[in-house]
Amino acid sequence: MPRISSDATSPPADAGSTADRPAPWRDPSRPAAERAADLLARMTLEEKVAQLGSIWLDQPGDSQVAPMQGDGGAAQAPFADLIKDGLGQLTRVFGTRPVPPAEAARTLAALQEQIVAASRFAIPAIAHEECLTGFAACTATIFPAPPAWGATFDPALAEQMAAAIGTSMAGVGIHQGLAPVLDVTRDPRWGRTEETIGEDPYLVGSVGAAYVRGLQSAGVMATLKHFAGYSASRAGRNMAPVAIGPREFADVILVPFEMALRLGGARSVMPSYTDIDGVPVSGDRAMLTGLLREELGFDGLVVSDYYAIAFLHAQHAVASTPAQAAGLALEAGLDVELPSVACYGAALVTAVRAGQVPAGLVDRAAARVLRAKCELGLLDPGWSPSAAAGSAVIDLDPPEHRGLARRLAEESVVLLANRDAVLPLRPDASIAVIGPLAKDPLAFFGGYSLPRHLGGRHAESVDGPPAATFLDALRAELPGAEISHASGCAVRGTERSGFAHAAAHAAEADVVVAVVGDQAGLFGQGTSGEGCDVTDLRLPGVQDDLLRVLISTGKPVVAVLVTGRPYAIGHHADRLAAAVQAFFPGEEGGGAIAGVLSGRITPSGRLPVELPAAPGGQPSSYLRSRLAGKHPGSSVDPAPLFAFGHGLSYTSFEYDDLALAPAQIPTDGTAEISCTVRNTGDRAGTEVVQLYLSDPVAQVVRPLRWLAGFARVPLDPGQARRVTFQLHADRTAFSGRSGARIVEPGEIGVAIGGASDQLKLQGSVLLTGPERLAGADRVLDTPVRIK
């Protein structure tokens with residue numbers, strides 16, 4: 001990982017250096033593990049334990065930004081007392097309050113100077129921040145939410161976004177970002193669905209690994225969240241117990257983490273809050289050491305989710321004291337307690353001295369922390385807090401970052417339906433824009449954007465960065481159109497008094513654009529976001545009734561869904577003129593949606609999660625087996641309204657000339673699967689070519705199909721291109737009856753098309769030879785060539 005370094009003072013004399021020879025731990029030419037071991041051997045128990053802790057200096061006390069925030073521990077001592085033996089991490093200096101970036105940079109630099117001065121070895125802290133939809137700092141670029149990344153099917157663009165985020169963070173002295181979220185969507189009633197990339201593990205892993213590569217290319221350590229199983233919490237309730245079989249865990253939940261570790265090189269992991277079959281992940285040695293480190297080969301840093309170690313005592317009740325909780329977490333393999341110390345502090349020191357917690361566990365965790373600091377350049381001679389600390393103004397929303405946010409937003413908008421080609425809108429049309437999100441400047445921001453994260457208690461955080469509302473963006477997009485507006489109702493609540501006014505606007509217009517969906521928030525303060533779970537997938541509040549009223553006017557209605565999760569609009573589907581889905585598309589979202597409606601942008605987004613037809617029947621997933629779909633033994637049909645991978649365009653595409661070479665391969669072989677895709681319409685467009693596999697007969701029940709590869713293919717009118725997937729037999733692997741992951745000989749179905757239910761080309765490959773184990777070193781991706 002690139003180091004963050006600049007000029008600084010030399011280490012103190014008692015740090016193990018001599019005039020002509022630096023101490024081994026200060027020598028950047030030595031391996032990080034060797035340097036960490038040398039430094040560790042010089043430290044007291046108190047100094048080692050201090051490296052495992054963190055400080056949230058400006059901890060918010062007037063509202064929640066973390067679950068059960070008040071249960072995390074006692075009030076903090078003065079800062080000088082907290083850092084007298086050193087410090088592992090500083091928590092969210094930029095992201096706790098809406099502080100101007102230059103002021104926050106100066107504050108961070110000053111804190112680091114105090115930490116270095118107080119430490120016998122002049123060891124800085126790792127500074128971490130949230131960065132899911134961009135650097136969570138005042139005025140920083142707000143990128144689209146993760147489901148929008150998934151909707152682009154464009155890992156390369158996600159990598160560019162993450163590199164931009166990392167550049168901003170590194171430039172002001174941040175070393176670790178708490179992203180990406182690699183939880184596979186399992187139950188969209190879960191409020192944190194807006195943080196997930198999608199419901200297919202290969203899509204999640206491909207985009208997630210790209211994010212990791214981008215962030216770490218800037219010298220910022222990525223943190224994989226939430227290892228593992230968090231999104232499968234019972235009934236979609238945040239932090240609820242997880243009851244999941246070992247095959248679903250291995251073949252669905254675990255895959256994105258494997259990809260981000262091996263293909264992305266992630267250096268940090270954050271465990272899940274939940275328990276799996278009664279064992280909390282944060283205290284599970286089998287999970288954090290046996291699986292993560294011994295099987296998957298991870299050698300980086302494991303940091304707790306906020307207060308998760310304290311929860312072992314206070315919530316899970318598997319520890320009787322904070323010290324016992326610390327012992328459980330350390331034994332499991334959890335290295336650092338975030339966001340502040342409740343367990344990894346004085347009580348832990350006492351427990352170690354009393355022989356209740358082995359000292360070797362502290363040494364192991366502290367060595368990992370010190371190694372991470374070596375890798376980040378924090379222990380190199382010449383390190384200083386931040387070159388930006390002296391800047392009067394810091395621009396965290398430069399034009400190139402807004403440009404990336406715009407591209408992501410534009411690629412992510414999904415055209416769901418377009419009856420009678422009502423879209424694109426006529427430039428001279430009379431348009432009634434209705435809905436509670438049409439004029440909301442925060443409509444496009446997810447819960448981990450700073451305005452949504454803090455806006456409820458810090459109104460000033462709402463001011464930046466600039467973002468056009470949908471109404472303003474549409475007026476700018478169609479200056480010749482006559483555009484009126486009425487809210488109709490709020491996102492939440494039961495008030496219907498605005499329906500009549502909205503209907504009157506609709507009746508006078510040529511077409512109605514209804515902008516409905518979610519309000520992101522935290523812990524019940526929104527309709528989507530952490531702690532904002534739902535019992536079904538109806539649109540929040542009375543927005544569903546508003547759609548019904550607008551449709552009843554007889555005017556064509558275009559539904560624009562701006563949401564953090566998929567919602568069921570099946571009962572309106574046959575009466576809507578068109579429908580568009582946008583998953584919290586960020587600060588450039590208004591222009592992206594308006595550009596699609598105007599026709600300036602040819603839509604190319606594809607659904608990363610299916611949209612249900614009915615609001616109940618969850619959890620459900622496109623990765624369903626035969627009996628998970630419609631069958632005579634059940635009165636419930638779980639078929640979605642719009643399938644995974646679905647998305648329309650303003651042009652048309654044809655597929656032909658499927659070729660499989662060879663059509664028979666050994667269980668460790670590779671086949672090339674090719675097709676030709678052609679733009680048969682009259683405008684340029686991008687098709688997302690999707691490769692799916694199926695296993696007609698297997699030793700365990702398998703999904704009917706699963707995504708094995710994809711490619712965005714831009715095409716001019718009439719242009720054709722050849723797409724070739726290099727499919728290794730490992731991409732057919734699954735957990736067999738023994739529990740081991742295997743490649744099984746036999747027929748594998750191959751299908752290519754533009755969505756999981758629109759697979760125009762079908763064939764099969766025969767795997768021959770013996771059944772083969774496919775371990776942690778198996779092939780995880782499907783390379784693609786486009787000619």
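Quantities reported herein were computed from a predicted structural model and do not represent experimental measurements. (Residues numbered from 1 in each chain as written. Predicted model: local features only at pLDDT ≥ 70, side-chain atom pairs only at ≥ 80, totals over all residues. Heavy atoms only, no water.)

1. A look at helix α19 (residues 543–551)
Basically, it comes down to this: Relative accessible area decides the class of each residue, using a 1.4 Å probe on protein chains only: under 20% of the type maximum gives buried, over 50% gives exposed, and in between gives partly exposed. Starting at the N terminus, helices and strands are each numbered in turn, a helix being any DSSP run of H or I of at least four residues and a strand any DSSP run of E of at least two. This arc corresponds to the set of directions leading from the helix axis out to the C-beta atoms. Two residues form a contact once any of their heavy atoms are found within 4.5 Å.
Those residues of α19 lying buried are Q543, D544, L546, L547, L550 and I551. Projected onto a plane normal to the axis of α19, the buried residues spread over an arc of 155° and lie on a single side. Turning to α19, the residues buried within the fold contact β11 (430–434), α18 (499–507), β13 (511–517) and β14 (557–563).

2. Description of the packing of aromatic side chains
Each pair of aromatic rings is reported with the distance of its centres and the angle of its planes. Short version of the rule: Stacked, edge-to-face and tilted labels apply to pairs of Phe, Tyr and Trp rings (six-membered ring for Trp) whose centres lie within 6.5 Å, assigned for plane angles under 30 degrees, over 60, and everything in between, in that order.
One pass over the structure, following the stated rule, counts 13 aromatic pairs. Their ring planes at 55° and their centres at 6.1 Å tell us that F153 and F644 sit as a pair that is tilted. Remark: F644 occurs in the loop between α20 (589–598) and β16 (653–661) and F153 occurs in the loop between α5 (146–152) and α6 (155–171); sequence separation between them is 491 residues. Per residue, the accessibility class of F153 equals that of F644, and both read buried. Residues Y202 and F710 carry aromatic rings whose centres are separated by 5.9 Å and whose planes lie at 65° to one another, so their mutual orientation is edge-to-face. In this pair, Y202 sits in helix α7 (residues 201–217) while F710 sits in strand β20 (residues 706–715), placing the two residues 508 residues apart along the sequence. When its relative accessible area of 7% is taken as the criterion, Y202 is described as buried. Overall, the relative accessible area of 10% leaves F710 in the buried class.

3. Observations concerning the confidence of the model for the protein chain
The cut-off we apply is this: pLDDT is a per-residue confidence score from the predictor, ranging from 0 to 100.
For the protein chain, mean pLDDT is 93; residues scoring 70 or higher make up 94% of the total. Below a pLDDT of 50 lies the segment residues 1–14, which in the model reaches 40 contacts outside its immediate sequence neighbourhood of four places, other chains included.

4. What to know about the environment of S233
Selection rule: Each polar contact in these results corresponds to two N or O atoms within 3.5 Å; when the atoms are within protein, one needs to be able to donate a hydrogen and the other to accept it, and residues that are neighboring in sequence are counted only if both atoms are side-chain atoms.
Residue placement: S233 occurs in the loop between β5 (221–227) and α8 (246–253). In the structure, S233 is positioned 120 residues away from E113 in sequence and 42 Å away in space, judged by C-alpha atoms. Ignoring anything within four residues of it in the chain, the contact list for S233 reads W190, N238, A240, P241, V242 and T274. At 2.8 Å, the side chain of S233 and the backbone oxygen of R237 are in polar contact.

5. A look at the state of the cysteines
Defined as follows: Here, a disulfide means two cysteine sulfur atoms that sit within 2.5 Å of each other.
A full pass over the atoms with the stated rule returns 0 disulfides. Note on C138: no disulfide assigned, nearest cysteine sulfur contributed by C131 at a separation of 17 Å. C138 gets classed as buried once you look at its relative accessible area, which sits at 14%. Cysteine C532 is unpaired, with the sulfur of C489 as its nearest cysteine sulfur at 18 Å. What makes C532 buried here is its relative accessible area of 3%.

6. Side note on the pattern of salt bridges
Basically, it comes down to this: The term salt bridge refers to a side-chain nitrogen of Lys or Arg lying within 4 Å of a carboxyl oxygen of Asp or Glu.
Under the definition given, this model contains 45 salt bridges. Residue D187 pairs with R189 through a salt bridge whose shortest N-O separation is 2.7 Å. Side by side, D187 and R189 carry an identical accessibility label, which is buried. The salt bridge partner of R741 is E258, with a shortest N-O separation of 3.8 Å. Of this pair, R741 sits in strand β23 (residues 741–743) while E258 sits in helix α9 (residues 255–262), placing them 483 residues apart in sequence. Owing to a relative accessible area of 3%, E258 belongs among the buried residues under this scheme.

7. Overview of unusual backbone geometry
The general pattern is negative phi for most residues beyond glycine and trans for most peptide bonds. The omega torsion across F227 and A228 is -10°, close enough to zero to call that bond cis. You can see A228 is positioned in the loop between β5 and α8. Going from L423 to P424, the amide bond is cis rather than trans, its omega being 0°. Locating P424 in the fold gives a position in the loop between β10 (414–418) and β11.

8. Some points on the pairing of strand β3 (residues 126–129)
Heads up, the condition is: Note on pairing: two strands pair once DSSP finds at least 2 bridges between them.
On β3, burial covers both faces: I126 and H128 on one face and A127 and E129 on the other are all buried. Examined bridge by bridge, strand β2 (residues 89–91) and β3 share 3 bridges and lie parallel to one another. Among the inter-strand pairings, L90 is bridged to a residue of β3, identified as A127. The pairing of β3 with strand β4 (residues 176–177) spans 2 bridges and is classified as parallel. Looking across to β4, one finds that E129 is bridged to G177.

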